[in-house]
Amino acid sequence: MRKIELEIVALSHSITQTHSYAVVLGEVNGLRRLPIVIGGFEAQAIAVALEKMQPSRPLTHDLMKNFMSAFNVELTEIIISDLQEGIFYSKLICVGEHDTVEIDSRTSDALALAVRFGCPIYTYENILENAGILMEDTSGKKKKQVAAPDREESAHEDLKTLSIEELHTLLNEVLEQEDYIRAIAIRDEINSRKK
């Protein structure tokens with residue numbers, strides 16, 4: 001089967017399930033999107049890596065990367081290999097000194113590791129046909145975005161009412177709580193005011 005390369009194009013709160021997030025994968029050089037519902041911890045792990053944030057302590061996926069690197073194991077690609085009853089299944093393709101090994105993984109964990117290793121993400125045509133969405137090409141450009149939770153607009157408006165000093169204080173508080181998704185929204189508001 002021919003593999004189709006995907007990239008993360010959005011991460012946002014899931015509209016369909018409370019306490020869940022959706023990571024949206026886009027077909028590289030194509031218009032199809034593959035939305036996958038993931039948990040909050042995994043969404044946070046992906047967001048931290050996408051935004052190149054440095055948590056005070058390593059997250060589980062950072063620990064896994066460090067462990068693999070310490071033993072000279074490289075994650076070369078992930079493959080979203082199956083879809084059964086709405087659940088995606090993935091494989092980590094790992095290369096060691098003497099062999100290549102496929103390891104079963106939850107798709108959310110595989111994506112969090114792929115972002116950390118900078119390795120490609122693939123799936124197969126049948127999975128995109130069954131679960132993908134065809135997007136209209138309105139601008140000719142793909143946008144990569146990381147969105148805050150479902151209260152994005154109201155939370156964004158709340159941030160606009162705070163002073164720069166209050167934003168910095170709030171940013172420190174949410175970083176101490178390791179709420180990196182909220183930290184991204186605060187950081188973006190601070191950066192927008194610097195322009």
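For the structure, check the block above.
What you see is a predicted model; the values in this text were computed from it and never measured.

A. Expanded view of the overall build of the protein. From N to C terminus, the protein includes 7 helices and 9 strands. Expressed as a percentage of its 195 residues, the buried residues of the protein come to 42%. A sequence separation of at least 24 residues applies to 57% of the contacts in the protein between residues at least 6 apart.

B. Quick peek at the state of the cysteines. Scanning the entire structure with this criterion turns up 0 disulfides. Of all cysteine sulfurs, the one in C119 lies closest to C94, which takes part in no disulfide; the gap is 8.7 Å. Its relative accessible area of 4% is what places C94 among the buried residues.

C. Structural view of the nonpolar core. Grouped together as the largest cluster of nonpolar side chains are 31 residues, with contacts concentrated most on L25, L34, L75, I78 and I121. Counting residues per element, the ones that place at least two in this core are β1 (3-13), β2 (20-27), β3 (32-39), α1 (40-50), β4 (74-84), β5 (87-95), α3 (107-117) and α4 (125-131). In terms of residues, this core owes the most to one element, α3, which gives 6 residues. In this view, I121 contacts I4, E5, L6, I8, L25, I78, I80, L111 and A114; residues no more than four positions away in its chain are not counted. Membership of the second largest hydrophobic core comes to 8 residues, among which are L167, L171, I186 and I190.

D. Geometry of the side chain of S108. Within the secondary structure layout, S108 lies in helix α3. Overall, S108 belongs to the buried group, its relative accessible area being 8%. Setting aside residues up to four positions removed in sequence, S108 forms contacts with I38, E42 and I46.

E. Broad picture of the packing of α1 against α3. Two elements in contact, α1 and α3, have axes whose closest approach is 9 Å; the angle formed by their N-to-C orientations is 10°. Taken together, the axes of α1 and α3 are roughly parallel relative to one another. Relative to α3, α1 is oriented so that their crossing is left-handed. Along its contact with α1, which presents E42, A45, I46, V48, A49 and L50, the element α3 presents S108, D109, L111, A112, V115 and R116. Residue composition of the contact of α1 with α3, by class: 8 nonpolar, 1 polar and 3 charged.

Analysis parameters
- Residues numbered from 1 in each chain as written.
- Predicted model: local features only at pLDDT ≥ 70, side-chain atom pairs only at ≥ 80, totals over all residues.
- Heavy atoms only, no water.
- Helix = DSSP H or I, 4+ residues; strand = E, 2+ residues; numbered from the N terminus.
- Buried < 20%, exposed > 50% of the residue type's maximum accessible area, 1.4 Å probe, protein only.
- Contact = heavy atoms within 4.5 Å.
- Disulfide = S-S within 2.5 Å.
- Core = buried A, V, L, I, M, F, W, Y, C linked by side-chain atoms within 4.5 Å.
- Axes fitted to C-alpha atoms, helices over the stretch in contact; angles between N-to-C directions.
- Parallel < 35°, antiparallel > 145°, perpendicular 65-115°, else oblique.
- Left-handed = near helix turned anticlockwise from the far one by under 90°.
- Nonpolar A, V, L, I, M, F, W, Y, C, P; charged D, E, K, R; others polar.

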